[in-house]
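Observations on chain architecture
Here is how the chains run, residue by residue.
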Amino acid sequence: MPWVSTYGFLDSTGASGKMGEWFGTGTTDALGEWAVDYTEAGFTAAPFVKVNTILNTATDYDNVWDGGTRTCTSTAAAGICLRGANLLVLGPTVRQAPAGLTFMALAVGPIG
């Protein structure tokens, strides 16, 4: 279940406002892509979204890297996870992450 938190802040001009945080997890699809829906957080503009992958293998030559964000709105975000692999013939390479990779997503932005 996602976690939602809110707090107040003052910007550089001294105006007050509210910020919200949304935290959740998910898994990548067959193309290594991820998507989250944080509508329940109530963001009034597109938040900052950070995705971290959780390595689910002990294989040190096939490491998953962080996910990048492709699209981000006030209600949802989507992107892709990449992995590095040391192939015998080609050496180090970068490619899309596999399906079923677990990721954590954090969204922080303004709320009403």
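Heads up: the structure comes first, above all this text.
First things first, this report covers the structure right here in the doc.

Definitions and cut-offs
Residues numbered from 1 in each chain as written. Predicted model: local features only at pLDDT ≥ 70, side-chain atom pairs only at ≥ 80, totals over all residues. Heavy atoms only, no water. Core = buried A, V, L, I, M, F, W, Y, C linked by side-chain atoms within 4.5 Å. Buried < 20%, exposed > 50% of the residue type's maximum accessible area, 1.4 Å probe, protein only. Helix = DSSP H or I, 4+ residues; strand = E, 2+ residues; numbered from the N terminus. Contact = heavy atoms within 4.5 Å. Pairing = 2+ DSSP bridges. Axes fitted to C-alpha atoms, helices over the stretch in contact; angles between N-to-C directions. Phe/Tyr/Trp six-rings, centres within 6.5 Å; stacked < 30°, edge-to-face > 60°. Salt bridge = Lys/Arg side-chain N within 4 Å of Asp/Glu carboxyl O.

Some thoughts on the nonpolar core
Counting residues in hydrophobic clusters, the biggest one holds 16 residues, and the most contacted among them are Trp22, Trp34, Val36, Tyr38, Phe43 and Val49. Among the elements of the structure, strand S3 (33–37), strand S4 (48–53), strand S6 (76–87) and strand S8 (102–110) are those that each provide at least two residues to this core. Examining the composition of this core, we find that three residues originate from one element, S8, more than from any other. Non-local contacts of Val49, meaning those with residues more than four positions away in its chain, are made with Trp34, Tyr38, Thr69, Cys72, Ala77, Leu106 and Ala107.

Quick look at the sheet that holds S4
A sheet is described by the order of its strands in space; here four strands give the open sequence S1-S2-S8-S4, paired in antiparallel fashion. A strand with exactly one partner marks an edge of an open sheet, and here the two such strands are strand S1 (3–10) and S4. Each strand axis lies, on average, 20° off the axis of its neighbour in the sheet, ignoring direction. Note that S4 and S8 share six bridges and pair antiparallel. Its bridge partner lying in S8, Asn52 is registered against Met104.

Observations regarding the packing of aromatic side chains
Enumeration according to the criterion identifies three aromatic pairs in this entry. When the ring of Trp34 is compared with that of Phe103, the centres are 5.8 Å apart and the planes differ by 50°; the resulting orientation is tilted. Residue Trp34 is located in strand S3, and its partner Phe103 is located in strand S8; the two are separated by 69 residues in the primary sequence. A relative accessible area of 1% places Phe103 in the buried class. A network of ring pairs unites the aromatic residues Trp22, Tyr38 and Phe43 as a single cluster.

What about the pattern of salt bridges?
A complete count under the given rule lists one salt bridge for this structure. For Glu33, the salt bridge identified is with Arg70, shortest N-O distance 2.9 Å. Linking Glu33 in strand S3 with Arg70 in strand S5 (residues 62–72), this pair joins segments that are 37 residues apart in sequence. Using a relative accessible area of 53% as the deciding quantity, one classes Arg70 as exposed.

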